[in-house]
Amino acid sequence: MLEQKVFLIQKGPADKILIEKKERRLTLISKGEMLKTYKIALGGNPIGPKERQAITKLRRGPTLSNSRNKDSRYHLSLHISYPNEKDRKRAKELGVSPGGDIMIHGIKKGFSWVGDSHTEVDWTKGCIAVTDEEIEEIEKLVPNGTIVEIRP
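Reading the values: the criteria
Residues numbered from 1 in each chain as written. Predicted model: local features only at pLDDT ≥ 70, side-chain atom pairs only at ≥ 80, totals over all residues. Heavy atoms only, no water. Helix = DSSP H or I, 4+ residues; strand = E, 2+ residues; numbered from the N terminus. Buried < 20%, exposed > 50% of the residue type's maximum accessible area, 1.4 Å probe, protein only. Contact = heavy atoms within 4.5 Å. pLDDT = per-residue confidence, 0-100. Pairing = 2+ DSSP bridges. Phe/Tyr/Trp six-rings, centres within 6.5 Å; stacked < 30°, edge-to-face > 60°. Salt bridge = Lys/Arg side-chain N within 4 Å of Asp/Glu carboxyl O. Polar contact = N/O pair within 3.5 Å; in protein donor to acceptor, adjacent residues only side chain to side chain.

(A) View of the environment of Thr131. Mapped onto the fold, Thr131 is located in the loop between β7 (128-129) and α3 (132-141). Residue classification places Thr131 among the buried residues on the basis of a relative accessible area of 9%. Spatially, the C-alpha atom of Thr131 lies 7.8 Å from that of His118, the residues being 13 residues apart in sequence. Aside from chain neighbours lying at most four places away, what touches Thr131 is Gly106, Ile107, Gly115, Asp116 and His118.

So this is what it looks like as structure tokens:
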């Protein structure tokens, strides 16, 4: 375990986060090389682009991780820059709010005991969830401004 963490730190930081919704997988990439993959939970019915607030789907396409929230209700969270101008325009055409606050986060505070089993069901409200240990690792390897690519 310690060997793997040293390897990740030597290879990092990640310059891209790849989220594959169908596979329920998050991969950290550095200089085109895979650093590590994580099994994830998403929101209910997550396949397809996020179009409006309260629809638990993440949008497709590249976004940027632009801030961190150490006071998150979900242990720790990394913010994804959603919505962008295209998202706001599409939501306006639909006559709805695009929403926001899309995060990569850990388990809800007080529930870390569920560990890996949290991935057995999609339970978030449109976010990407990993274990508390995993979000701590990701937070160390992913600087602000990292590209996030979300695939269906």
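(B) The arrangement of the confidence of the model for the protein chain in detail. When the pLDDT values of the protein chain are averaged, the result is 81; 78% of them are 70 or greater. When pLDDT is averaged over each element of the protein chain, strand β2 (residues 25-30) comes out on top at 96 and helix α1 (residues 2-11) at the bottom at 57. Residue range residues 50-57 is modelled with pLDDT below 50. Its contacts to residues more than four positions away, or to other chains, number 33 contacts.

(C) Inspection of the pairing of strand β6 (residues 102-105) at higher detail. Residues Ile102 and Ile104 of β6 are buried on one face, and the alternating residues Met103 and His105, pointing to the opposite face, are buried as well. Where strand β5 (residues 77-80) and β6 come together, four bridges link them in antiparallel fashion. Along β6, the bridge assignment pairs Ile80 with Ile102. As judged from the two bridges shared by β6 and β7, these two strands associate in the parallel manner. The residue of β7 that forms the bridge with His105 is Ala129.

(D) Representation of the packing of aromatic side chains. One pass over the structure, following the stated rule, counts two aromatic pairs. Consider the rings of Tyr74 and Trp123, whose centres lie 6.0 Å apart with planes at 40°: the pair is tilted. Here Tyr74 is found in the loop between β4 (61-69) and β5, whereas its partner Trp123 is found in the loop between β6 and β7, with 49 residues between them in sequence. On the accessibility criterion, Tyr74 (16% relative accessible area) is buried.

(E) Spotlight on α3. The buried count for α3 comes to seven of ten residues, which makes it a mostly enclosed element. Residues Asp132, Glu134, Ile135, Glu137, Ile138, Glu139 and Leu141 constitute the buried set of α3.

(F) Seen up close, the pattern of salt bridges. Tallied over the entire structure, the rule returns seven salt bridges. Residues Asp122 and Arg24 are paired through a salt bridge, measuring 2.6 Å at the closest nitrogen-oxygen approach. Of this pair, Asp122 sits in the loop between β6 and β7 while Arg24 sits in the loop between β1 (16-20) and β2, placing them 98 residues apart in sequence. On the basis of relative accessibility, which here comes to 23%, the residue Asp122 falls in the partly exposed class. The exposure class of Arg24 is partly exposed, given its relative accessible area of 22%. For the salt bridge of Lys36 with Glu137, the shortest nitrogen-to-oxygen distance reads 2.9 Å. Placement of Lys36 in strand β3 (residues 33-39) and of Glu137 in helix α3 is noted, with a sequence separation of 101 residues between them. Glu137 shares its class with Lys36; the two are buried. Salt bridges sharing partners connect three or more residues here, namely Lys16, Glu149 and Arg151.

(G) Up close: the side chain of Thr124. Along the chain, the position of Thr124 falls in the loop between β6 and β7. What makes Thr124 buried here is its relative accessible area of 6%. Of the polar contacts made by the side chain of Thr124, one reaches the backbone nitrogen of Gly126; its length is 3.3 Å.

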